[in-house]
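# A closer look at the structure
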Amino acid sequence: TPRVFSGIKPSGGLTLGNYLGAIKRWVEMQEDPTYETIYCVVDMHAVTVWQDPADLSRATREVAAAMLASGIDPTKSILFNQARVPGHAELGWLFSCVARVGWMNRMTQFKDKAGKNTEKVSLGLYAYPALMAADILLYHATHVPVGEDQKQHVELTRDIAAKFNHDYGVDFFPMTEPVIEGPAMRVMNLRDGSKKMSKSGESDMERINMLDDADTIAKKFKKARTDPAALPTDIEGLKDRPEAKNLIDIYAGLSECDAADVLRDFGGEGWGKFKPALAELAVEKLAPVSAEMKRLLDAPDELDAIMKQGAERASEIAEPILSRTFEIMGFVR
Ligand code: AQP
């Protein structure tokens, strides 16, 4: 059966981008009987930038809670955190020796995050795509649902698999497909429509957090940047209006329809009408999820037990694949 793997970094509170671009679609894939689904809190990726230890623990549980509260069912999917399965780090090292420095140099996310001053960034941030390839290929995952921002890293995963297979003359690692669908595949920053909405962006006003309360959500949408023109009546009218497009895409993502449907209802209206409707919709969709997240965060033992059990199931799949990888490479173990 096709196997799905995806992960979220516990590098801060989760955003609406993570929810619409990742978690919501993971639930859909879980419910599709064609797939076996593995979802991971990728804590080892989080420490590519500084994480206060207490924050890392909290964020790890928050990501797990968000997945569970959104409908990830640990009896249907494997849900665990990466640090509990050492095979990720082991295969990550082996893949660091397969990947080429030139490939890493082309990763736009690294360039965005590191800026010009690479003296100050960790080696891990640079090597992160090799660990991500290991996360996926440790399970021979065939499909990776991700936001558009991660497409380049999934392509790199294929390059690593192909080079490994070629160099060792085997047909061992599969060619993983990125699965990028839906209107909200890229949720943008509320203050700057050219940047994506990120957990670790500078200002809290630029993102909606999954745990934001109703008033905060309303305030953030009200202050979201837009141009002064009214909403267009068709999607053609969204060209060169990134902030307008973003808010309409968010509405479409939350209400599970297309931008064209949203414009059929709101085309010609002003932002004064649309923004409160958007805030109301976001609150309606997020409130039950955040209430359940809070309940789970008050029961860390329950969360930890679920992640531990998930890690045991993940290890059962990973171990034979990792052993075979060592064997193919000629390690004496
Ligand atoms: N803005 C977004 N729109 C759509 N999808 C998004 N994802 C993240 N932001 C958006 C998707 O969420 C999944 C998990 O991402 P991640 O948390 O592992 O890493 P990230 O993409 O680096 O997320 P952030 O929020 O930007 O974290 P920081 O600020 O810490 O780097 C992925 O599937 C991603 O596509």
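Residues numbered from 1 in each chain as written. Predicted model: local features only at pLDDT ≥ 70, side-chain atom pairs only at ≥ 80, totals over all residues.

### A closer look at helix H4 (residues 87-96)
Along H4, the residues classified as buried are Gly87, His88, Leu91, Gly92 and Phe95. In an axial view of H4, the angular spread of the buried residues amounts to 130°, which keeps them on one side of the axis. Buried residues along H4 sit in contact with helix H2 (43-46), helix H7 (123-137), helix H8 (151-168) and helix H13 (300-329). (Buried ≥ 20, exposed ≤ 12 C-beta atoms within 10 Å, placed from the backbone. Helix = DSSP H or I, 4+ residues; strand = E, 2+ residues; numbered from the N terminus. Arc of directions from axis to C-beta. Contact = placed C-beta atoms within 7 Å.)

### Quick word on the nonpolar core
If you look at soluble globular proteins, the nonpolar side chains tend to sit buried side by side. If you look at the biggest cluster of nonpolar residues, it comprises 88 residues, and the most contacted ones within it are Ile38, Ala64, Ala66, Met67 and Ala133. If you tally residues by element for this core, the top one is helix H12 (residues 271-297), at 9 residues. In this structure, this core is formed jointly by two domains, domain 1 (3-179 + 300-329) and domain 2 (204-295), each of which donates at least three residues. Sequence-distant contacts of alanine 64, defined by excluding residues within four places in its chain, comprise Val41, Leu79, Leu303, Ile306 and Met307. (Core = buried A, V, L, I, M, F, W, Y, C linked by C-beta atoms within 7 Å. Domains from an automatic or database assignment.)

### Observations regarding the site of the ligand
Taken together, 22 residues lie around the ligand, and Gly17, Gly21, Gly147, Ser198 and Ser200 are the ones closest in. At the level of elements, strand S1 (3-8) and helix H1 (16-31) are the ones that each hand at least two residues to the shell around the ligand. A per-element tally of the shell around the ligand places H1 first, with 4 residues. Residue composition of the shell around the ligand, by class: 6 nonpolar, 11 polar and 5 charged. (Near = placed C-beta within 6 Å. Nonpolar A, V, L, I, M, F, W, Y, C, P; charged D, E, K, R; others polar.)

### Describing the domain arrangement of the protein
By the assigned domains, the protein splits into domain 1 (3-179 + 300-329) and domain 2 (204-295). Of the residues lining the interface, 10 residues belong to domain 1; the matching set on domain 2 comes to 10 residues. Contributions of two or more residues to the side of domain 1 that touches domain 2 are made by H1 and helix H3 (53-70). Looking at the side of domain 1 that touches domain 2, its residues break down into 7 nonpolar, 3 polar and no charged.

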